[in-house]
Amino acid sequence: MLNVSQPTPSHFGIYVTDVEKMVHFYKTVFGLVETDRGVGKTFKAPLVFLSASPHQHHQLVIAGGRPAEATFSTVMQLSFAVPSIQSLRDLKDKAIALGASKVLPLNHGNALSVYFVDPEGNTVEIYIDMPYYISQPHGDPLDLSQDDDTILRQTEAICRSDPSFMPIEQWQAQFAHAH
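Predicted, not measured: the structure shown is a model, and the values here were computed from it. (Residues numbered from 1 in each chain as written. Predicted model: local features only at pLDDT ≥ 70, side-chain atom pairs only at ≥ 80, totals over all residues. Heavy atoms only, no water.)

A. Region of interest: the sheet that holds strand β10 (residues 140–141). Strand order in this open sheet of 5 strands is β5-β8-β7-β6-β10, and the pairing throughout is mixed. The strands lining the two open edges of the sheet, one partner per strand, are β5 (78–81) and β10. As defined by bridge partners, strand β6 (residues 101–107) adjoins β10 across 2 bridges and the pair is classed as antiparallel. Along β10, the bridge assignment pairs L106 with P141. Contacts between helix α2 (residues 85–97) and the sheet are confined to β6, β7 (111–117) and β8 (123–129), with β8 contributing the most and set at about 165° to the helix. (Pairing = 2+ DSSP bridges. Helix = DSSP H or I, 4+ residues; strand = E, 2+ residues; numbered from the N terminus. Contact = heavy atoms within 4.5 Å. Axes fitted to C-alpha atoms, helices over the stretch in contact; angles between N-to-C directions.)

B. Region of interest: the side chain of D118. Considering the arrangement of structural elements, one finds D118 in the loop between β7 and β8. No salt bridge is formed by the buried D118; its nearest oppositely charged neighbour, R66, is found at 5.8 Å. A polar contact is formed between the side chain of D118 and the backbone nitrogen of E120, at a distance of 2.8 Å. Among residues more than four places away in sequence, those in contact with D118 are I14, M22, F25, Y26 and V124. (Buried < 20%, exposed > 50% of the residue type's maximum accessible area, 1.4 Å probe, protein only. Lys, Arg positive; Asp, Glu negative; His and termini not counted. Salt bridge = Lys/Arg side-chain N within 4 Å of Asp/Glu carboxyl O. Polar contact = N/O pair within 3.5 Å; in protein donor to acceptor, adjacent residues only side chain to side chain.)

Have a look at this one:
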């Protein structure tokens, strides 16, 4: 069980056309575990529940029922936090191998992100947080062929040159005080 003190985003679901293909994609790219599946009694569509945590029954639900003729996904993005810059590289390559396209690495200052489109057109973000705050939206090109130290030095320089820069702890304290 999650221990929350206020409403907190915790999971999301997407409609898909090909349930098995999309379950395979998310399990393979992100290492998610299938926790349950079935057809809903009130929601008459196949549902597959996936999670990366033993503390959450599901973090992603793959739901059948997206019409094959749907040409536009209303999902703005599905975001996955990852543990390292190397994870960004590895998962990007895995996703491409499984049919992801439109890959876009960006340096947001407060995070390093790679965006791509999954096989059914949903935008996915993989990201690692940085220890800085700068106002958003912000997006500089991110060259993942550089070594980690170079990327980290460039990110800090980008952030320190922004007038809104502050260490993340300062931003967090301001957020906590305001709420």
